[in-house]
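# Close look at the chain arrangement
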Amino acid sequence: MIVYTFHPLSPHTKSLKGAVQMSEKTLLMVTVSGPDRPGITATLTRVLAEHRAEIVDIEQASLQNLLGLYFLIDLDRLEGSQDSVIKDLLFEASQMNLTLQFKLFAPEEVRPVNQRNLFVLTHFGGTGAMAALSKILTEEKVNIETISTADHHGARSMEMVLNANGTPSLGRLRKRIMHESRKLGVDLALQKMEAYRKNKRLIFFDMDSTLIDMEIIDEMARRAGVFREVSRITEKAMRGDFDFEESLRQRVALLKGLRVEALAALRDEMRLSAGVEELVRTLKWLGYKLGIVTGGFDYFANHLKDMLGLDFVHANCLEIKDGALSGKVSGEIVDAFRKAHIVNQASCDLGILLDQIVVVGDGANDELMLGQAGLSIAYNAKKALDRVASATLGKTRLSHIFHLLGITEEDISEALSCKT
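Figured I'd write up the structure that's included with this text. Going along each chain's sequence as written, the residues are numbered from 1 onward. Given that the model is predicted, a residue must reach a pLDDT of at least 70 before its local features are reported, and side-chain atom pairs must reach 80 or more before they are shown or counted; all residues, however, enter totals for whole chains, interfaces and linings. Side-chain measures were taken over the full set of non-hydrogen atoms in the model, leaving aside hydrogen atoms and water.

### Quick word on the pattern of salt bridges
Stated precisely, the cut-off is as follows: Any carboxyl oxygen of Asp or Glu that lies within 4 Å of a side-chain nitrogen of Lys or Arg is treated as forming a salt bridge with it. Only runs of H or I of at least four residues qualify as helices and only runs of E of at least two qualify as strands under DSSP, and these elements are numbered from the N terminus. Only protein chains enter the accessibility calculation, which uses a 1.4 Å probe; a residue is then buried when its area is under 20% of its type maximum, exposed when over 50%, and partly exposed in between.
Applying the stated rule across the entire model yields 23 salt bridges. Linking lysine 198 and aspartate 355 is a salt bridge whose minimum nitrogen-to-oxygen distance equals 3.6 Å. Taken together, the residues span a long stretch of sequence, with lysine 198 in the loop between helix H6 (193-197) and strand E10 (202-205) and aspartate 355 in the loop between helix H13 (336-350) and strand E14 (357-361) at a distance of 157 residues. With its nearest N and O atoms 3.1 Å apart, the salt bridge here joins lysine 395 to aspartate 213. Linking lysine 395 in the loop between strand E16 (391-393) and helix H15 (400-404) with aspartate 213 in the loop between E10 and helix H7 (216-224), this pair joins segments that are 182 residues apart in sequence. We classify lysine 395 as partly exposed; its relative accessible area is 39%. On the accessibility criterion, aspartate 213 (29% relative accessible area) is partly exposed. The network of salt bridges with shared partners includes Lys135, Glu139, Glu140, Arg172 and Arg176.

### Brief notes about the pairing of strand E6 (residues 118-123)
Heads up, the rule is: Strand pairing is defined by DSSP finding a minimum of two bridges between the two strands.
For E6, the tally of buried residues reaches six of six residues, placing the bulk of the element in the interior. Taking every second residue as pointing to the same face, both faces of E6 are buried, with Leu118, Val120 and Thr122 on one and Phe119, Leu121 and His123 on the other. Both E6 and strand E8 (residues 155-163) contribute to a ladder of six bridges, which runs antiparallel. Bridge pairing links valine 120 to valine 161 in E8.

### A closer look at the packing of H7 against helix H10 (residues 260-269)
The description of two helices packed together rests on the angle between their axes and the distance between the axes. What counts, and what does not: Angular values range over 0 to 180 degrees, each being the angle between N-to-C directions of two axes fitted as lines to C-alpha atoms, with helices fitted over their stretch in contact. With respect to orientation, any angle under 35 degrees is reported as roughly parallel, any angle over 145 as roughly antiparallel, any angle of 65 to 115 as roughly perpendicular, and every other angle as oblique. Should the near helix be turned anticlockwise from the far one by less than a right angle, the crossing is termed left-handed; should it be turned clockwise, right-handed. Contacts between residues were defined by any pair of non-hydrogen atoms, one from each residue, lying within 4.5 Å. Under the convention adopted here, Pro, Cys and the residues Ala, Val, Leu, Ile, Met, Phe, Trp and Tyr are nonpolar, Asp, Glu, Lys and Arg are charged, and Gly plus all remaining residues are polar.
Two elements in contact, H7 and H10, have axes whose closest approach is 11 Å; the angle formed by their N-to-C orientations is 135°. Classed by the angle they form, the pair H7 and H10 counts as oblique. Crossing handedness for the pair H7 and H10: right-handed. Note on element contacts: H10 touches H7 through Ala262, Leu263, Leu266 and Glu269, opposite Ile216, Glu219, Met220 and Arg223. Taken together, the residues that form the contact of H7 with H10 break down as five nonpolar, no polar and three charged.

### Concerning the packing of helix H11 (residues 276-285) against helix H16 (residues 409-417)
Packing of H11 against H16 brings their axes to within 9 Å, and their N-to-C directions diverge by 90°. Here H16 runs roughly perpendicular to H11, going by the angle between their axes. Contacts between H11 and H16 involve Glu278, Arg281, Thr282 and Trp285 from the first element and Asp411, Ile412, Glu414, Ala415 and Leu416 from the second. Grouping the amino acids of the contact of H11 with H16 by side-chain chemistry returns four nonpolar, one polar and four charged.

### Quick word on H7
Among all positions in H7, only Ile216, Ile217, Glu219, Met220 and Ala221 are buried. Positive backbone phi, at 75°, marks glycine 225, one or two positions downstream of H7.

### A few points about the nonpolar core
As a reminder, the rule being used: In this description, a nonpolar core means a group of buried Ala, Val, Leu, Ile, Met, Phe, Trp, Tyr and Cys residues linked to one another through side-chain atoms lying within 4.5 Å.
The biggest cluster of nonpolar side chains holds 57 residues, and the ones touching the most others in it are Ile203, Ile216, Met220, Phe297, Phe300, Ile377 and Leu405. Excluding residues within four positions of it along the chain, isoleucine 216 makes contact with Met207, Asp208, Leu266, Met270, Phe297 and Phe300. By size, the runner-up hydrophobic cluster in this structure holds 24 residues, among which are Leu44, Leu69, Leu78 and Leu98.

### Concerning H11
Put simply, the rule reads: Picture the helix axis, draw a direction to every C-beta atom, and the arc is the one those directions span.
Every buried residue of H11 is listed here: Val276, Leu279, Val280, Thr282 and Leu283. Buried residues of H11, seen end-on, are gathered within an arc of 165° and therefore sit on one face of the element. Once H11 ends, the next one or two residues include glycine 287, with phi positive near 95°.

### Details of the pairing of strand E2 (residues 27-35)
Direction of pairing for E2 relative to strand E4 (residues 66-74): antiparallel, over a ladder of nine bridges. Paired with valine 30 across the two strands is phenylalanine 71, which belongs to E4. Two strands pair when backbone bridges link them, and E2 and strand E5 (residues 99-105) are joined in this way by seven bridges, in the antiparallel orientation. Looking at the pairing, leucine 27 lines up with phenylalanine 105 of E5.

Encoded structure:
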């Protein structure tokens, strides 16, 4: 690789002609830096168009009114001499107080654009998080292609576009990044570029400890006077002594006789997680389809659907006889497999790609469901979800979903100002 740097009106401009003609390299990288202003890209690309110079690759970034513009041109396809396009670029750059740097490449030295394995890493930490994550990326041989920041909704995010072509293990990379986010207490998302670029259209929320800040079955058990017994079964299920369906049936059986009046009182006392109303209202205004997919109970999920104006609910059905729980669950149990099936079926029925689906959950019962989605968010979740989730958010930070979906403060303000 040969490098030449020329500042505006440099006396060394003439020396470039011989250097280019002597080289066997046929691709020229032009790096433009200096004060940003409207019209720079238009002016320089006009020069390239006049010389029939084909742009092979291009990227531009601007930080605090300082520009970085990079374009790679094919010298073999120029009309006219090679030095004439360079001189014209230098002349226009001098008029705009810009500095140009040139690098000559052979075709075999250039990485094909479509062979980059790109990811988008978004995190909500400061300099310390940036340093820790960058260290992991270096150790895993991941190249940072671009970095940008965004400030909105009371939080600042940093977004990095990563080229993971050189990493020996994407699984290990994800595991280390997720582990570091828990260690630092920093919210984070790692998404494939292809999925990141697709507009999301459908969002599934778990209910307990996600949309609402409580576990309904625990509160039901307290009212029925069987909290210890229910908790003991829950602990056994978490240890893997039996599956979700069996544990659910055993716990519901202990609730037999609990009156509808007690259920209604609990329903009216349900606490929404912080930020849920604002999040749901904004997403609905922007046209998202929203719903609940939960291993909890329809009596409470349907109430949330009506209260928040959601589009659908999938939940377990409590059997009620003579104004009290019978101790049974009717219909098909919504377990981990059923949740994953619901996500896939919705994708087919609504004609929405899985990459355009978002799933938000917190427990092991959500693992298969999260694994289906283009953006899978572990919210205040168990560590086990790190292996399937593409994002992890701490409790009370649901508003960070706005960042991950590219929703601006202006979008939120407009949504909340509209009458429902």
